[in-house]
Amino acid sequence: QTVVTQEPSLTVSPGGTVTLTCASSTGAVTNDNYPNWFQQKPGQAPRALVYSASNKHSWTPAQFSGSLLGGKAALTLSGVQPEDEAEYYCLLHYGGAWVFGGGTKLTVL
Amino acid sequence: EVQLVESGGGLAQPGESLRLSCVASGFTFRDYGMHWVRQVTGKGLEWVADITSAGVIHYPGSVRGRFTISREDGKNSVYLQINSLTAGDTAVYYCARGTKAVAGVDYWGQGTLVTVSS
């Protein structure tokens, strides 16, 4: 069974920069895994931020950027604002099936 | 404006079946793959099914055999049939649209809550 691993929690100061990562139990994350990133705030549906590792949706704020970094997928938030406090999930593709990471709770403090 | 509206959730007893529906609007439905994702209260997201625009279907091993996804392009709808319900199926079920290039998921519905309890 494939496991996708994210940091359970991270804390960042307002105005700071933070990088969330997404690792695969099968090995290095590549473009073939089409990494996606989502933001979810309490009581809301998830909102898509990034697809195919680094592509942003039309609504994705400029401060969010996706990449592949050291064998993992990564989501970097720059100039973090209090409203960025949320749960962030990655999603990876495995030849037809998709697997979510466990999520990273980002605290802005 | 893309909209996805789920329905069909509610209270069901263990062993029963439930059919969830998702009606889409604001885009050419037949051109897109569709996904179902569930979330137990307070827990993470779990992908449970998708169906491509061509009708190819995928499931994770955890639900294969009990979950059936289908689509009806003429009604702009995607469905999720869940059989032999257990308490572990209690969750909010989201319908989501696949990206055009099968590269992920973009739009999400607001979800429908399924509660399995005797």
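The model shown is predicted, which means the values in this text are computed figures rather than measured ones.

To continue, consider the overall build of chain A. Scanning chain A from terminus to terminus reveals 0 helices and 11 strands. Along chain A, from the amino end to the carboxyl end, the secondary structure elements read β-β-β-β-β-β-β-β-β-β-β. In terms of overall dimensions, chain A is globule-like: its C-alpha atoms have a radius of gyration of 13 Å, near the 13 Å expected for 109 residues. Principal-axis analysis of the C-alpha atoms places the extent of chain A at approximately 35 × 30 × 25 Å. Across the 109 residues in chain A, those meeting the buried criterion constitute 49%. For chain A, the accessible surface area stands at approximately 4,700 Å², while carbon and sulfur atoms represent 51% of it. Computed over 5 positive and 6 negative side-chain charges, the inter-centroid distance for chain A is 2 Å.

Looking now at the state of the cysteines. Residues and elements named next belong to chain A. Within this structure, the stated rule accounts for 2 disulfides over all chains. Disulfide partner of C22: C90, at an S-S distance of 2.1 Å. Between C22 and C90, the disulfide has an S-S torsion of 75° and is therefore right-handed. Taken as a pair, C22 in strand β3 (residues 18–24) and C90 in strand β9 (residues 86–94) lie far apart in primary sequence, 68 residues in all. Look at C22 and you get buried, because its relative accessible area is 0%.

Next up on the list: the interface of chain B and chain A. Listed as interface residues are 21 residues of chain B and, on the opposing side, 18 residues of chain A. Approximately 1,600 Å² of surface area, both sides summed, lies buried where chain B meets chain A, with 67% of it carried by carbon and sulfur atoms. Between the two partners, chain B and chain A, sit 0 salt bridges. At the surface where chain B touches chain A, the tally comes to 3 residue pairs in polar contact (both at pLDDT 80 or more). Secondary structure elements with two or more residues in the side of chain B that touches chain A: β4 (34–39), β5 (45–51) and β10 (105–108) of chain B.

The next thing to look at is the nonpolar core. Counting residues in each nonpolar core, the largest one holds 28 residues, and the members touching the most others are B:M34, B:W36, B:V78, B:L80 and B:Y93. Breaking this core down by element, the ones donating at least two residues are β3 (18–25), β4, β5, β7 (67–72), β8 (77–82), β9 (91–98) and β11 (112–116) of chain B. The leading source of residues in this core is β3(B), at 4 residues. Not counting the four nearest positions on each side in its chain, B:V78 is found in contact with B:L20, B:S21, B:C22, B:F29, B:M34, B:W36, B:I51, B:I69, B:S70, B:R71 and B:C95. Membership of the second largest hydrophobic core comes to 22 residues, among which are A:V4, A:F64, A:L75 and A:V99.

Residues and elements named next belong to chain B. The strand order across the open sheet formed by 4 strands is β1-β3-β8-β7, and the pairing between neighbours is antiparallel. At either end of the open sheet lies a strand with only one pairing partner, and these are β1 (3–7) and β7. Neighbour-to-neighbour, the strand axes of this sheet turn through a mean angle of 15°, independent of strand direction. Across 6 bridges, the pairing between β7 and β8 is antiparallel. Counted as the bridge partner of R71 is V78 from β8.

Before going further, it helps to spend a moment on the side chain of B:T99. If you trace the backbone, B:T99 turns up in the loop between β9 and β10. Not counting residues up to four positions away in its chain, the partners in contact with B:T99 are A:Y51, A:H57, B:Y32, B:G104, B:V105 and B:D106.

The strands that make up a sheet pair up through hydrogen bonds in the backbone, lying either parallel or antiparallel. Residue and element names in this part refer to chain A. Here we have 4 strands laid out as an open sheet, ordered β1-β3-β8-β7, and antiparallel in their pairing. Here the strands that pair on one side only, and so sit at the sheet edges, are β1 (4–6) and β7 (64–69). The mean inter-strand angle of the sheet, taken between neighbouring strand axes irrespective of direction, is 20°.

This structure, assessed with the given rule, holds 8 aromatic pairs over all chains. A centroid spacing of 6.0 Å and a plane angle of 55° characterise the contact between A:F38 and A:F100, whose relative ring orientation is tilted. A residue pair is termed long-range when its members are at least 10 positions apart, and A:F38 in strand β4 (residues 36–40) and A:F100 in strand β10 (residues 97–100) qualify at 62 residues. According to the relative accessible area criterion, A:F38 is buried, its value standing at 0%. Classification of A:F100 by relative accessible area gives buried; the value is 9%. Here a set of aromatic residues connected by ring pairs shows up, and it is made of A:F38, A:F100, B:Y94 and B:W108. One Lys or Arg, B:R19, reaches over the ring of B:Y79 and ends 3.8 Å from the middle of that ring.

Rules used throughout
Residues numbered from 1 in each chain as written. Chains lettered and ligands numbered in written order. Predicted model: local features only at pLDDT ≥ 70, side-chain atom pairs only at ≥ 80, totals over all residues. Heavy atoms only, no water. Helix = DSSP H or I, 4+ residues; strand = E, 2+ residues; numbered from the N terminus. Rg over C-alpha atoms; globule rule 2.2 N^0.38 Å. Buried < 20%, exposed > 50% of the residue type's maximum accessible area, 1.4 Å probe, protein only. Areas by Shrake-Rupley, 256 points an atom, 1.4 Å probe, with all protein chains shown as cover. Lys, Arg positive; Asp, Glu negative; His and termini not counted. Charge placed at Lys NZ, Arg CZ, Asp CG, Glu CD. Disulfide = S-S within 2.5 Å. Contact = heavy atoms within 4.5 Å. Buried area = accessible area lost by both parts, 1.4 Å probe. Salt bridge = Lys/Arg side-chain N within 4 Å of Asp/Glu carboxyl O. Polar contact = N/O pair within 3.5 Å; in protein donor to acceptor, adjacent residues only side chain to side chain. Core = buried A, V, L, I, M, F, W, Y, C linked by side-chain atoms within 4.5 Å. Pairing = 2+ DSSP bridges. Axes fitted to C-alpha atoms, helices over the stretch in contact; angles between N-to-C directions. Phe/Tyr/Trp six-rings, centres within 6.5 Å; stacked < 30°, edge-to-face > 60°. Lys NZ or Arg CZ within 6 Å of the ring centre and 35° of its normal.

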